[in-house]
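A structural walkthrough
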Amino acid sequence: MILLKLVALGDLSWSYSHLSAELDISVSQLHSALKRCEMARLFEQGDHKPYRPHLEEYLIHGVKYSFPAQHGSLTRGIPTSYAAPPMSSMIAESGDPPPVWPHPKGQVRGVALSPIHRAAPGAALKDPKLYELLALLDAVRAGRAREREIAVRELTARIEQAWYPNETRTSLCSDCQPKS
């Protein structure tokens, strides 16, 4: 979640206190997590940025094992995975209850999907870019093959855009088209 927040920030500068407030975690938790990410070669302390190649590999191949998707019962919450932007405009609704993060401010009734961190839903409500990244990550964690494929392309495109913000694109993922 922390590294995705840094991707959402792009080239904007940040401080530990600002980031901890945005993510609703303590400064000490944030510092410890970034130290672990640095040891895992996912974060470069000197640049204060995630290490892109390793981050992409971890998000695409490792997160689903580190944070396995756990589904629960029907609940009110915040849409995630294919039910949230940007995938909600690309995947036709199936009629099944959508995946949601259980949250008191949620407006949608769906099947509970455990977020990667207890603070993820609240942090996502504060930052639309982070919300999209977390929802895409949930599609990688819990989606079916087509949903995972689209999510991987979208997630990779958004990470690339965070590193190369001056490149203009009409669509983040050229292979992904809105649903008919």
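Above: the structure in question.
The structure reproduced in this document is the subject of the present report. (Residues numbered from 1 in each chain as written. Predicted model: local features only at pLDDT ≥ 70, side-chain atom pairs only at ≥ 80, totals over all residues. Heavy atoms only, no water.)

With that settled, the discussion passes to the overall build of the chain. Per the secondary structure count, the chain includes 7 helices and 5 strands. For the chain, the succession of helices and strands along the chain, N to C, is α-α-α-β-β-α-β-β-β-α-α-α. A compact globule built from 180 residues would reach a C-alpha radius of gyration of about 16 Å, and the chain, at 16 Å, matches this within 12%. Taken along the three principal axes of its C-alpha coordinates, the chain extends 50 × 35 × 25 Å. (Helix = DSSP H or I, 4+ residues; strand = E, 2+ residues; numbered from the N terminus. Rg over C-alpha atoms; globule rule 2.2 N^0.38 Å.)

Considering the arrangement of structural elements, one finds E160 in helix 7 (residues 145-163). As for E160 and G10, which are separated by 150 residues in sequence, their C-alpha atoms are 10.0 Å apart.

This paragraph deals with the packing of helix 4 (residues 52-66) against helix 6 (residues 128-142). It is the contact of helix 4 with helix 6, at a shortest axis distance of 9 Å, that shows an interaxial angle of 65 degrees. The way helix 4 lies across helix 6 gives a crossing that is right-handed. Contact residues: L59, I60, V63 and K64 in helix 4; L137, V140 and R141 in helix 6. A per-class count over the contact of helix 4 with helix 6 returns 5 nonpolar, no polar and 2 charged. (Axes fitted to C-alpha atoms, helices over the stretch in contact; angles between N-to-C directions. Left-handed = near helix turned anticlockwise from the far one by under 90°. Contact = heavy atoms within 4.5 Å. Nonpolar A, V, L, I, M, F, W, Y, C, P; charged D, E, K, R; others polar.)

This next bit is on unusual backbone geometry. A cis amide bond links P85 to the next residue, P86, at an omega of 5 degrees. Following the sequence through the fold, P86 ends up in the loop between strand 3 (71-79) and strand 4 (99-102). Located in the positive-phi region is S81, a residue other than glycine, with phi close to 55 degrees. Examined against the element boundaries, S81 turns out to sit in the loop between strand 3 and strand 4.

Another point: the pattern of salt bridges. Using the criterion set out here, one finds 11 salt bridges in the structure. A salt bridge links E38 to K35; the nearest nitrogen and oxygen atoms lie 3.7 Å apart. Taken as a pair, E38 and K35 lie in helix 3 (residues 27-39) at a separation of 3 residues, close to a single helical turn. A relative accessible area of 39% places K35 in the partly exposed class. The closest approach of N and O atoms between R52 and E56, which form a salt bridge, is 3.1 Å. Here R52 and its partner E56 are both found in helix 4, 4 residues apart, which amounts to about one turn of the helix. Each member of the salt-bridge network shares a partner with another, and the members are K5, E22 and D127. (Salt bridge = Lys/Arg side-chain N within 4 Å of Asp/Glu carboxyl O. Buried < 20%, exposed > 50% of the residue type's maximum accessible area, 1.4 Å probe, protein only.)

To continue, consider the side chain of T80. If you trace the backbone, T80 turns up in the loop between strand 3 and strand 4. The residues touching T80, leaving out its near neighbours within four places in the chain, are P99, V100, W101, L113, L134, A135 and D138.

Below, the discussion takes up the pairing of strand 3. In regular strands, side chains alternate between the two faces of the sheet. Pairing geometry for strand 3 and strand 5 (residues 108-113), over 5 bridges, is antiparallel. For T75, the partnering residue across the bridge sits in strand 5 and is G110. Note that strand 3 and strand 4 share 3 bridges and pair antiparallel. Residue I78 lies in a different strand from strand 4, and its bridge partner there is W101. (Pairing = 2+ DSSP bridges.)

Over its 15 residues, helix 6 runs 21 Å from end to end, which matches the ideal 21 Å to within 8%, given 1.5 Å per residue. Along helix 6, the residues classified as buried are L130, Y131, L133, L134, A135, L136, L137, D138, A139, V140 and R141. For helix 6, the capping residue at the N-terminal end is D127, with a side-chain oxygen 3.0 Å from the backbone nitrogen of K129. (Expected span 1.5 Å × (residues − 1). Polar contact = N/O pair within 3.5 Å; in protein donor to acceptor, adjacent residues only side chain to side chain.)

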